[in-house]
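Examining the three-dimensional arrangement
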Amino acid sequence: MPEGPSIVILKDLIKALHLGKPEVLEVAGNANFDKDRLLHEKIQDFKSWGKHFLICFNDFTIRIHFMLFGSYLINERKKAPLKLGLIFKKDELNFYTCKVDLLEGNVKKHYHWENDVMADEWDSNAAIKKLKEKPQALVCDVLLDQQIFSGVGNIIKNEVLYRTRIHPLTKIENLPPAKLKALVKEARNYSFDFLKWKKENTLGKHWEVYSKKECPLKHKIEKKEIGKTHRQTYFCKKCQKLYAS
């Protein structure tokens, strides 16, 4: 599943086309909504919110969620079934194996950008407040809560917990205030590092625990499906402290 930085890359690639506010001349694909609604409408903006890519029109928005296996092509096509294709005067965007929805009204009614770790509007204080409202929650679960850390996925989760030296089974109520702040800070910091490394095609080279057998200090990495999310978690019991009451 693409994490927030990968969606930012898609947004940047499209903005690099300098489309302006392009008119949709053709619509294709098997997305389950009235695609004729898009015909001859002008796109007002392309946005990202967490793991969602947003194509904004005047009074509605197309939301694309790539799920586990979604993909896209710009000015290219492939033989796989097309979920949604938008053709403009000189360019086209094609989306595959993804979930596509039409959201009515202004996009700001549906999303709060202060939750998005990649957004200029990101609010770390709001994130800390929300975390404190979940004292019994595990850090491995809250990092994947898209209403707190929109855009954070499993790779970022694992790497942030190692950076902050926090054991994934630590409860929020047991984290010292300094560690709570570090958790929030590094969720954003690592997301921007992820973006930089992804653009350089060097992301995997920088992983410290994700998919590794040893941490940088040569300690054995534990690999377990833990927390309510049951997502694969990589951690070092020697480097990452389990805070307890």
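Residues numbered from 1 in each chain as written. Predicted model: local features only at pLDDT ≥ 70, side-chain atom pairs only at ≥ 80, totals over all residues. Heavy atoms only, no water.

What follows deals with the nonpolar core. One finds Leu131, Leu143, Phe149, Ile172, Leu175, Leu183 and Tyr190 to be the most contacted residues of the largest nonpolar core, which totals 45 residues. Counting residues per element, the ones that place at least two in this core are helix 1 (4-15), helix 2 (124-132), helix 3 (139-142), helix 4 (154-163), helix 5 (177-200) and strand 10 (231-235). Residues in contact with Leu183, not counting those within four places in the same chain, are Leu131, Val139, Leu143, Val160, Leu161, Thr164, Ile166 and Leu175. One finds Phe33, Phe57, Leu93 and Val100 within the second-largest nonpolar core, a separate group that totals 25 residues. (Core = buried A, V, L, I, M, F, W, Y, C linked by side-chain atoms within 4.5 Å. Buried < 20%, exposed > 50% of the residue type's maximum accessible area, 1.4 Å probe, protein only. Helix = DSSP H or I, 4+ residues; strand = E, 2+ residues; numbered from the N terminus. Contact = heavy atoms within 4.5 Å.)

Glancing now at a nonpolar patch on the surface. Taken together, Met67, Leu68 and Phe69 make up a surface patch of nonpolar side chains, about 350 Å² in accessible area. By the element assignment, Met67 lies in the loop between strand 4 (60-65) and strand 5 (71-74). (Patch = residues over 30% accessible without salt bridge, like charges linked within 9 Å, V, L, I, M, F, W, Y side chains within 5 Å. Areas by Shrake-Rupley, 256 points an atom, 1.4 Å probe, with all protein chains shown as cover. Salt bridge = Lys/Arg side-chain N within 4 Å of Asp/Glu carboxyl O.)

Turning our attention to the layout of surface pockets. Of the pockets and cavities examined, the largest pocket occupies roughly 310 Å³. Forming the walls of the largest pocket are 17 residues, and the residues nearest its centre are Lys11, Ser48, Trp113, Ala119 and Glu121. Mapped onto the lining of the largest pocket, the elements with two or more residues apiece are helix 1, strand 2 (45-49) and helix 5. In this structure, the second largest pocket encloses a volume near 190 Å³. Contributing elements (two or more residues each) for the lining of the second largest pocket: helix 1, strand 5 and helix 5. A total of three residues in the lining of the second largest pocket trace back to one element, the largest contributor, which is helix 1. (1 Å grid on protein atoms, 1.4 Å probe; cavity = no way out; pocket = protein on both sides within 12 Å on 5 of 7 lines; lining within 4 Å. Points joined across faces, edges and corners; volume = space filled by probe spheres on them.)

The next thing to look at is helix 2. When we look at burial in helix 2, the residues that qualify are Ala127, Ile128 and Leu131. Looking down the long axis of helix 2, one finds its buried residues gathered within 100 degrees of arc, a one-sided arrangement. Facing away from the buried side of helix 2 by more than 90 degrees, the exposed set consists of Asn125, Lys129 and Lys132. Buried residues along helix 2 sit in contact with helix 3 and helix 5. Near the N-terminus of helix 2, the side chain that reaches the backbone nitrogen of Asn125, with its oxygen 3.1 Å away, is that of Asp123. (Arc of directions from axis to C-beta. Polar contact = N/O pair within 3.5 Å; in protein donor to acceptor, adjacent residues only side chain to side chain.)

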